[in-house]
Amino acid sequence: MNRPGTVIRFINAAHVIDHMFMLIFPAAVLGMGRDFGLSYGELIGLSLGGFIAFGACSLPAGWLGDRWSRRQMLLLFFVGIGAAAIFTGLCTSVPALVAGLTLVGVFAAIYHPVGTAMLVAHAENRGREIGINGMWGNLGVAFAALLTGFLTARFGWRAAFILPGVVALLLGFWFAWCVKDETPPALAAGAKRIGSGMRVSMPLVFGVLALVTATGGVVFNASTVTYPKLFQERLHDLFAAPETLGVVVSLAYAFGAIAQLLIGRVIDRVSLKLPFVLLTFCQAPLLLAMVWADGWVVILLGAAFMFAVFGQVTVNDSMVANFVAPQWQARVFALRYFVSFGASAAAIPMIAFIEPRHGLTGLYLVMTGFAVLTFGAALVFPKTPAHEAKVVAA
């Protein structure tokens, strides 16, 4: 039988890779225009297929994880996303680049429904482990800007895809060696729903989850995709070099890692509604402030916004972990991420349409509207007693 600590370490490594690989392109795109003869908006639009696949393919991935093998699916994730990144780095034409980015999205879709369900199944303290896992995922977002900026400046944008792809392949081979297959959770005897004693409206819980997943997905993706461009514009000549800009963007993302670590500990002790309301309350004012902010203050506002956004992701994952039976969790996580990443994909044409016409100012005003909807949904989320939250997380 696999040791839970070993499995969780590979799950956390996969979370780093998942978010990092999906955000290599938005950071590398700043150095790709000359090779393909396209503007920033046109290049960003090429990633639409990858983000659509990131959401759509989570459904079959979750189903296969529950019905076939979560271990085999995670192995496919490591090998597939590594090979897709290498292919993307070798592309010399626009159609090939679109295909490569789409393949990255296809294999990246495996992680969240499968990896998160594996994490919940092996974790002794769910809130804490979800928070730590979320922290590693957010560090993947930070590494994308940092590592891509460095590799693009030193070796060109192709290296920013190829070298991480090789690392993912090597991790896949190591995972195959260390982690053996286990009985599919759907066949496990005695599985029962977690939190079945909670007296809350389940339709309301899942209705709120669906809404905040959709609105939050748009805000999350639009912000992470445009942060490199936002900082490049608002910080003027202070951080002109790609590698320096990558450091600044990564520092902003790193605050999201802190949020997920802290929120993961908090949700073991209090009702989910408290951090949910507080985190969503902050998002709209921070987006509005970034609309008109300039210079160094953009870094502070961007970091604070990442804290609120990534903290909310931890709360959303805990909803599924607390209210869904183990044998259904991969499929429900798949549905959640299908909605989230499907909405995230909508952010790409939104950016491509709004940015050339109204700049990032217009884009961030639209995002503020989505943030207000998210806060409204948080207000109607049912309050679960703190002592029940402790029992569920145990």
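How each quantity is defined
Residues numbered from 1 in each chain as written. Predicted model: local features only at pLDDT ≥ 70, side-chain atom pairs only at ≥ 80, totals over all residues. Heavy atoms only, no water. Patch = residues over 30% accessible without salt bridge, like charges linked within 9 Å, V, L, I, M, F, W, Y side chains within 5 Å. Areas by Shrake-Rupley, 256 points an atom, 1.4 Å probe, with all protein chains shown as cover. Salt bridge = Lys/Arg side-chain N within 4 Å of Asp/Glu carboxyl O. Helix = DSSP H or I, 4+ residues; strand = E, 2+ residues; numbered from the N terminus. Core = buried A, V, L, I, M, F, W, Y, C linked by side-chain atoms within 4.5 Å. Buried < 20%, exposed > 50% of the residue type's maximum accessible area, 1.4 Å probe, protein only. Contact = heavy atoms within 4.5 Å. Expected span 1.5 Å × (residues − 1). Bend = angle between axes of the 7 residues up to and from the residue. pLDDT = per-residue confidence, 0-100. Phe/Tyr/Trp six-rings, centres within 6.5 Å; stacked < 30°, edge-to-face > 60°.

(A) Molecular detail of a nonpolar patch on the surface. The grouping of V79, V166, L170 and F173 at the surface amounts to a nonpolar patch, some 350 Å² of accessible area in total. At three residues, the largest contribution of residues to the nonpolar patch is made by helix 11 (residues 157-178). With respect to the secondary-structure elements, L170 resides in helix 11.

(B) Quick look at the nonpolar core. Counting residues in hydrophobic clusters, the biggest one holds 120 residues, and the most contacted among them are Y227 and Y364. Looking at which element gives the most residues to this core, the answer is helix 16 (residues 329-380), with 19 residues. Discounting residues that sit within four places of it in the chain, Y364 has contacts with S223, T226, Y227, L230, L287, M290 and V291.

(C) Structural context of helix 10 (residues 126-155). Taking 1.5 Å of rise per residue, 30 residues should cover 44 Å, and helix 10 covers 41 Å from first to last C-alpha, within 8% of that figure. At F143, helix 10 is bent by approximately 30°, the largest bend along its length. Summarising burial for helix 10: 21 of the 30 residues are buried, a large majority. In the stretch just after helix 10, G156 is the one whose phi turns positive, near 100°.

(D) Quick look at the environment of F10. Summarising the element assignment, F10 is placed in helix 1 (residues 4-22). Overall, F10 belongs to the buried group, its relative accessible area being 7%. Considered as a pair, F10 and G172 are 162 residues apart in the sequence and their alpha carbons are 9.3 Å apart. Those residues in contact with F10 that lie beyond four places of it in its chain are F78, L171, W174, F175, C178 and V179.

(E) Quick look at the side chain of N133. Take N133: it is sitting in helix 10. Judged by relative accessible area, which is 4%, N133 ranks as buried.

(F) Geometry of the environment of S344. Locating S344 in the fold gives a position in helix 16. Through-space distance from the C-alpha of S344 to that of G216 is 8.3 Å; in sequence the pair is 128 residues apart. With residues up to four places along the chain from it excluded, the contact list for S344 reads G217, V218 and N221.

(G) Seen up close, the environment of L287. Within the fold, L287 resides in helix 14 (residues 273-292). Contacts of L287, omitting those with residues within four sequence positions, involve V219, F305, Y364, M367, T368 and A371.

(H) Inspection of the confidence of the model for the chain at higher detail. Here the chain averages 82 in pLDDT, while 88% of its residues score no lower than 70. Ignoring residues within four places in sequence, the model shows residues 184-198, a span with pLDDT below 50, making 35 contacts including any to other chains. For residues 387-394, every residue scores under 50 in pLDDT, and the model assigns this stretch 18 contacts once sequence neighbours within four places are set aside.

(I) Region of interest: the pattern of salt bridges. In total, this model carries one salt bridge according to the counting rule given. Residue R128 pairs with E129 through a salt bridge whose shortest N-O separation is 3.3 Å.

(J) Highlighting the packing of aromatic side chains. Applying the stated criterion to the full structure yields 12 aromatic pairs. Between F78 and F175 the ring centres are 5.6 Å apart and the planes differ by 45°, which places this aromatic pair in the tilted class. One end of the pair, F78, is in helix 7 (residues 70-89); the other, F175, is in helix 11, with 97 residues separating them in the sequence. In this structure, F78 and F175 share a single accessibility class: buried. A centroid spacing of 5.6 Å and a plane angle of 85° characterise the contact between F276 and F381, whose relative ring orientation is edge-to-face. With F276 in helix 14 and F381 in the loop between helix 16 and helix 17 (386-393), the pair connects residues that are 105 residues apart, well separated along the chain.

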